[in-house]
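Given next are the chains, with one letter for each unit.
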Amino acid sequence: IVDARKGAHQDVSSNGGNKDSTNSASSQTQQQQQPSIPGTIQLSAKELTSGYRWINTTSGVINPTMNFKVGNTKAMQLKNPTDDKHQLVVDDPNGNQLATSGDILSGSSSQLSFKPSMTGTFGYHCIYHPTTMKGIIHVQ
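Everything numeric here is computed off the predicted structure, so don't read it as measured data.

Undergrad: Describe the environment of Gly135, and please don't skip the residues or the numbers.
TA: Mapped onto the elements of the fold, Gly135 is located in strand β10 (residues 134-139). Separated by 81 residues in sequence, Gly135 and Trp54 have C-alpha atoms that sit 8.6 Å apart. Not counting residues within four places of it along the chain, the set of residues in contact with Gly135 comprises Asn63, Pro64, Phe122, Gly123 and Tyr124.

Undergrad: I'd like a description of the environment of Asn94, backed by residues and values.
TA: Topologically, Asn94 is positioned in the loop between β6 (88-91) and β7 (97-100). Note on Asn94: relative accessible area 56%, which makes it exposed.

Undergrad: Requested: an account of the packing of aromatic side chains, with residues and values cited.
TA: A full pass over the atoms with the stated rule returns two aromatic pairs. With a centroid separation of 5.9 Å and an interplanar angle of 80 degrees, the aromatic rings of Phe68 and Phe114 are classed as edge-to-face. Remark: Phe114 occurs in strand β8 (residues 109-114) and Phe68 occurs in strand β4 (residues 66-68); sequence separation between them is 46 residues. A residue is classified by how much of its surface remains accessible, and Phe68, at 1% relative accessible area, is buried. Centroid distance Phe114 to Phe122: 5.8 Å. Interplanar angle 75 degrees. Geometry classified as edge-to-face. For the pair shown, Phe114 and Phe122 are each scored as buried. In this structure an aromatic cluster arises from ring pairing among Phe68, Phe114 and Phe122.

Cut-offs applied
- Residues numbered from 1 in each chain as written.
- Predicted model: local features only at pLDDT ≥ 70, side-chain atom pairs only at ≥ 80, totals over all residues.
- Heavy atoms only, no water.
- Helix = DSSP H or I, 4+ residues; strand = E, 2+ residues; numbered from the N terminus.
- Contact = heavy atoms within 4.5 Å.
- Buried < 20%, exposed > 50% of the residue type's maximum accessible area, 1.4 Å probe, protein only.
- Phe/Tyr/Trp six-rings, centres within 6.5 Å; stacked < 30°, edge-to-face > 60°.

Here it is in C-alpha cells:
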C-alpha cells in the first residue's frame, strides 16, 4: 500500500461511481482472466470502432468518472479481453504518476488498490491508449 501524498508514487484503484475513495498501491496481474471479485470496481478494456475504452462492467459506463473518499481504500479489478495489452495509470492533478496496474496482457486481469490521502481531481488512462482510455477520479 502506498500513500497518495503529493509527489509520492502509488498504485491506484478507481471507483466506478462508488462513494469510496482509495489510494493504496497493490497490483497483481493474473495469467488468465479471473472471475469478478465482490466489492471491487469492475473495469474491462473494450474495443469500439472509435478505439479502445475502459468500461465499467457493472454499469456499462464507458470511461467512467469515479468518486472516492480520502483515506478509504478501494480495489479495482481490471480485465483485458482484447487482443492488445493495456495498463491503467493514475495521475495527480500535476500529471505525476501515482499508481499503475502494470501491463495487462491479452486474456489476463489485474487488481489495483488506491487509498488517496488528499482531496482533488485525479486522472486515469491507459499508458498505451491515453487519448481514448481515460477518465477522472474525484476525491473528497
